[in-house]
Amino acid sequence: MSDKPQHSLEGPVVQEAKPRLQKPQLYKVILLNDDYTPMEFVIIILERFFAKNREDATRIMMHVHQKGIGICGIYIREIAETKVRQVLSYAQEHQHPLQCAMEPE
Ligand code: TYC
């Protein structure tokens, strides 16, 4: 707390607003459906890279399978970029065409 007086003989003292930090832009990491990647592989991706339990991973995988696209998680840019890179290289290593991307929230 400042010990400056709130008022002076000249009138009220103007107080500066407290500086507030900007919230970072967040990004959705999304999975896209395809006809070849096995369902079990997608569930493993969601467990391994997005810390989902089996029930949530299965629900998200089925959503992507049926709707064509789905959200795995929402992160700051650097984390989202890392997740996308991890998913794409893991899918490539296993020769699955799974696509993963990020978009601003
Ligand atoms: N459509 C795939 C299949 O029937 C399963 C799948 C789900 C693939 C989600 C990709 O992001 C995906 N084997």
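Being a predicted model, the structure only gives us computed values, none of them experimental.

Student: How do you make sense of the site of the ligand when you look at a structure like this?
Tutor: Near the ligand you find Leu32, Asn33, Asp34, Thr37, Met39, Val42, Met61, Val64, His65 and Leu98, and these make up its full shell. With respect to the ligand, the backbone of Asp34 contributes an N or O atom lying 2.7 Å from a nitrogen atom. With respect to the ligand, the side chain of His65 contributes an N or O atom lying 2.9 Å from a nitrogen atom. Here the ligand, which alone exposes 340 Å², has 89% of that area covered by the protein. For the shell around the ligand, the leading source of residues is helix α2 (residues 54-67), giving 3 residues. Taken together, the residues that form the shell around the ligand break down as 6 nonpolar, 3 polar and 1 charged.

Student: Sorry if this is basic, but what is going on with the side chain of Asp34 here?
Tutor: Mapping Asp34 onto the fold places it in the loop between β3 (26-32) and α1 (39-50). Although Asp34 is buried, it makes no salt bridge; Arg54 carries the closest opposite charge, 17 Å away. For Asp34, the side chain forms a polar contact with the main-chain nitrogen of Tyr36, separated by 2.7 Å. Polar side-chain contacts of Asp34 include one of 2.6 Å to the backbone nitrogen of Thr37. Other than its neighbours up to four places away in sequence, Asp34 contacts Pro97 and Leu98.

Student: So what exactly am I meant to see when it comes to a nonpolar patch on the surface here?
Tutor: On the surface, a cluster of nonpolar side chains totalling about 370 Å² of accessible area is made up of Leu26, Ile71, Ile74, Ile76 and Ile79. Counting residues per element, the nonpolar patch draws most heavily on strand β4 (residues 69-76), at 3 residues. Within the secondary structure, Ile71 is located in strand β4. Ile71 gets classed as partly exposed once you look at its relative accessible area, which sits at 41%.

About the cut-offs
- Residues numbered from 1 in each chain as written.
- Predicted model: local features only at pLDDT ≥ 70, side-chain atom pairs only at ≥ 80, totals over all residues.
- Heavy atoms only, no water.
- Near = heavy atom within 4 Å.
- Polar contact = N/O pair within 3.5 Å; in protein donor to acceptor, adjacent residues only side chain to side chain.
- Areas by Shrake-Rupley, 256 points an atom, 1.4 Å probe, with all protein chains shown as cover.
- Helix = DSSP H or I, 4+ residues; strand = E, 2+ residues; numbered from the N terminus.
- Nonpolar A, V, L, I, M, F, W, Y, C, P; charged D, E, K, R; others polar.
- Buried < 20%, exposed > 50% of the residue type's maximum accessible area, 1.4 Å probe, protein only.
- Lys, Arg positive; Asp, Glu negative; His and termini not counted.
- Salt bridge = Lys/Arg side-chain N within 4 Å of Asp/Glu carboxyl O.
- Contact = heavy atoms within 4.5 Å.
- Patch = residues over 30% accessible without salt bridge, like charges linked within 9 Å, V, L, I, M, F, W, Y side chains within 5 Å.

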